[in-house]
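Commentary on secondary and tertiary structure
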Amino acid sequence: MPYIVYINQYGQHGTMGQGTPSPILTPALCRAARGMLDWTQSDLAEHSQVSRSTIRDYEGARHELHRPTAAQLLHALEEGGVIFIEVEGVGIALAERR
């Protein structure tokens, strides 16, 4: 059962809670983005304020991330210079901002 109900900008009711996993960040994309930045898991933990053990477990596909945690990781990787691009018919690709 949802624990918070909200109304979006269109006046539609929604629920807040765990919801679905991040549609963008997968364990493989997280590892690849760190590789592009030459960051260790500890580096990503420091930049994102997410524990290294959470990053290790996520990248090892031991568990999913909560949406706020995925958002923290995405923000840190994007601030570091990675761009996540959706390619129609292919999926999510990575690019490096220069």
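Throughout what follows, the structure given in this document is the object of discussion. Along every chain, residues carry numbers that run from 1 in the direction the sequence is written. In view of the model being predicted, local features appear only for residues whose pLDDT reaches at least 70, and side-chain atom pairs are presented and counted only at 80 or more, with totals across whole chains, interfaces and linings using the full set of residues. Working from all heavy atoms in the structure, the side-chain values ignore hydrogens and water.

Attention shifts here to the overall build of the protein. Secondary structure follows DSSP: runs of H or I at least 4 residues long count as helices, runs of E at least 2 residues long count as strands, and numbering of each begins at the N terminus. A count of helices and strands for the protein gives four helices and four strands. Listing every helix and strand of the protein by position from the N terminus yields β-β-α-α-α-α-β-β. When the 98 residues of the protein are sorted by exposure, 28% land in the buried category. Long-range pairs, those at least 24 residues apart, make up 44% of the contacts in the protein between residues at least 6 apart in sequence. In the form shown here, the protein has an accessible surface area of approximately 6700 Å², with 52% of it arising from carbon and sulfur atoms. The buried label applies to any residue whose accessible area, calculated with a 1.4 Å probe on protein chains only, is under 20% of its type's maximum; exposed applies above 50%, and partly exposed to all values in between. In this description, contact between two residues means that some pair of their heavy atoms is separated by no more than 4.5 Å. For accessible areas, the Shrake-Rupley method is used with a probe of radius 1.4 Å. Any residue's cover is judged against the shown protein chains and nothing else.

With that settled, the discussion passes to the nonpolar core. Membership of the largest hydrophobic core comes to 19 residues, with the highest contact counts inside it found for L25, L44, I55, L65, L73, L77 and F84. Within the residue set of this core, elements represented by two or more residues are α1 (27–37), α2 (41–48), α3 (52–59), α4 (67–80) and β3 (82–87). Broken down by element, this core gets its largest block of residues, five residues, from α4. Those residues in contact with L77, other than ones at most four positions away along the chain, are L25, A33, R34, L37, W39, L44, V82 and F84. Among buried residues, those of type Ala, Val, Leu, Ile, Met, Phe, Trp, Tyr and Cys that are joined through side-chain atoms within 4.5 Å constitute a nonpolar core.

Each patch is built from salt-bridge-free residues with over 30% relative accessible area, joining like charges within 9 Å and nonpolar side chains (Val, Leu, Ile, Met, Phe, Trp, Tyr) within 5 Å. What makes a salt bridge here is a side-chain nitrogen of Lys or Arg within 4 Å of a carboxyl oxygen of Asp or Glu, nothing more. Taken together, I83, I85, V87 and V90 make up a surface patch of nonpolar side chains, about 320 Å² in accessible area. Along the chain, the position of V90 falls in the loop between β3 and β4 (91–96). Note on V90: relative accessible area 69%, which makes it exposed.

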